[in-house]
Amino acid sequence: MSFRVRFVDPRKNYRMIKDEIDAVYFQVMENGDLINRHQLRHFEEHLAGFVGTKFAVGVNSGYDALHISLRAVGIGPGDEVIVPSHTFVASCSAIVNVGATPVLVDVKDDFNVDVGLIEQAITPRTRGIMPVHLNGCMADMPAIMALARAHGLKVVEDACQSLGAHTDGRKAGSWGQTGCWSFYPFKMLGGYGDGGAITTNDEDIARFAVNMRYNGEDRETGIYHGHGFTALLDNIQAAWLDVKLRHLPAWIGRRRAIAGMYREGFRNLPQLTLPHYEGKDHVYQNYVVMCEERDALVKHLRDGGIEVLVHWRIPYYRHEALGLRAEGFPVTERICSTVLSLPMNVEIDDDQVQEVIAAVHSFFRGNRR
Ligand SMILES: *Cc1c(COP(=O)(O)O)cnc(C)c1O
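What counts and what doesn't
Residues numbered from 1 in each chain as written. Predicted model: local features only at pLDDT ≥ 70, side-chain atom pairs only at ≥ 80, totals over all residues. Heavy atoms only, no water. Phe/Tyr/Trp six-rings, centres within 6.5 Å; stacked < 30°, edge-to-face > 60°. Helix = DSSP H or I, 4+ residues; strand = E, 2+ residues; numbered from the N terminus. Buried < 20%, exposed > 50% of the residue type's maximum accessible area, 1.4 Å probe, protein only. Lys NZ or Arg CZ within 6 Å of the ring centre and 35° of its normal. Near = heavy atom within 4 Å. Polar contact = N/O pair within 3.5 Å; in protein donor to acceptor, adjacent residues only side chain to side chain. Areas by Shrake-Rupley, 256 points an atom, 1.4 Å probe, with all protein chains shown as cover. Nonpolar A, V, L, I, M, F, W, Y, C, P; charged D, E, K, R; others polar. Patch = residues over 30% accessible without salt bridge, like charges linked within 9 Å, V, L, I, M, F, W, Y side chains within 5 Å. Salt bridge = Lys/Arg side-chain N within 4 Å of Asp/Glu carboxyl O. Pairing = 2+ DSSP bridges. Axes fitted to C-alpha atoms, helices over the stretch in contact; angles between N-to-C directions. Contact = heavy atoms within 4.5 Å.

Colleague: An account of the packing of aromatic side chains is needed here, citing residue identities and associated values.
Modeller: In the structure shown here, the tally under the stated rule is 11 aromatic pairs. Seen in terms of ring centroids, Tyr317 and Phe329 are 4.6 Å apart; in terms of plane orientation they differ by 50°. Their pairing is tilted. Of this pair, Tyr317 sits in the loop between helix H10 (294-303) and helix H11 (330-338) while Phe329 sits in the loop between H10 and H11; the two residues are 12 residues apart in sequence, bridging distant segments of the chain. Since its relative accessible area comes to 1%, Tyr317 is described here as buried. According to the relative accessible area criterion, Phe329 is buried, its value standing at 2%. Members of the aromatic cluster, each reached through a chain of ring pairs, are Tyr262, Phe266, Tyr284 and Tyr287. Looking at Arg170, its charged tip hangs above the ring of Trp175, at a distance of 4.4 Å from the centre. The cationic tip of Lys171 hangs over the ring face of Phe50; the distance from NZ or CZ to the ring centre is 4.1 Å.

Colleague: I'd like to hear about the site of the ligand, residue by residue, with values.
Modeller: Of all residues adjacent to the ligand, which total 14 residues, the nearest are Gly62, Tyr63, Asp158, Ser182 and Lys187. Between an oxygen atom of the ligand and a side-chain N or O atom of Ser182, the distance comes to 2.7 Å. In isolation the ligand has 380 Å² of accessible area, and contact with the protein removes 91% of it. For the shell around the ligand, the elements supplying multiple residues, two or more each, are helix H4 (62-72) and helix H5 (89-97). Split by residue class, the shell around the ligand holds 5 nonpolar, 7 polar and 2 charged.

Colleague: Go over a nonpolar patch on the surface with me, naming the residues and quoting the values.
Modeller: On the surface, a cluster of nonpolar side chains totalling about 490 Å² of accessible area is made up of Tyr25, Phe26, Met29, Leu34 and Ile35. Topologically, Ile35 is positioned in the loop between helix H2 (18-31) and helix H3 (38-51). Residue classification places Ile35 among the partly exposed residues on the basis of a relative accessible area of 44%.

Colleague: Can you break down the sheet that holds strand E4 (residues 126-129) residue by residue, with the values?
Modeller: In spatial order, the strands read E1-E9-E8-E5-E4-E2-E3; together these 7 strands make up an open sheet with mixed pairing. Bordering the open sheet on either side are strand E1 (55-59) and strand E3 (101-105), each of which pairs with just one other strand. Sheet twist, expressed as the average angle between the axes of neighbouring strands with direction ignored, equals 25°. Where strand E2 (residues 80-84) and E3 come together, 5 bridges link them in parallel fashion. Looking at the pairing, Val83 lines up with Leu104 of E3. Most of the contacts of helix H7 (residues 141-151) go to strand E5 (residues 154-158), to which it runs at about 155°, and overall it touches E4 and E5.

Spelled out as structure tokens, the structure:
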């Protein structure tokens, strides 16, 4: 099916910055700068500057950023790590794959972890908390960091969906021992394939990640510092991401403008719950609304040529093969049965946003196909 309003539009995004992307491509190709060159270091410097940390280390995915971070802070078998029940499965899988035990806790109606439930879930085996900043809005980091300090816990932020968001002027990914980033194409800073990064203020953690992404090897001395991974961020991706990072502040502005149009357009629709959290910064990685008649609304919009997605229809803990506790998360259950994500990207124009708004209104007026 071809949609008139796309959820994201990589071809259009490319056309918007084609000259810059092409120039960087030719530079990299002509110089043969394929692995671990200045393009990677420049991007890391600029990302660290943007997030407000001393270091950034490029890796090959958001998942690996989480996985390597957990290892870097010393989490392993016998340790418990608290993670929200409403997140992308990779948050939890990284914990399982370092041999630790994920302890799931429910979220609040802002989609982020319920800090009161974190406190109740702490046991003598708890070693870490993995808050997730979902959709572009941060978890309550002041409260989480206070809990972590009180109980001596490590904090690995899954910030994959909130690049640029801040609380009290301090950016997502700069609060915990590490912040973890994904440059999967659909993310706000999306590459042309997989990519990720770790941000941190801790020099030892940064060095650990630099070694581990390169099979454990310190490239200067040739010494292996552990059994590592092949997990570098490709140089060409770093070069492209560096171009896109320069556009990011303006793109966040555009996302906020679209959110403002949606908010205005849906003002008189009590059937739709909108993602506005008073007093909280939001960068709108996703524009997630809630609706009791979700499935019918999704069908209506898709039939009308508007691409919408559902994150996620089935909570990850309900997938039997993952072997997780599958009960006791009422807020997550309600979210998963009512959410849909409307088109939110820097490619759509104002007319397309109005088209989405009109299509939603036509659904509630009963003009259903
Ligand atoms: C995208 C994402 C990840 C994983 O990132 P990849 O680069 O796809 O491995 C992890 N957590 C959250 C919340 C994400 O949105």
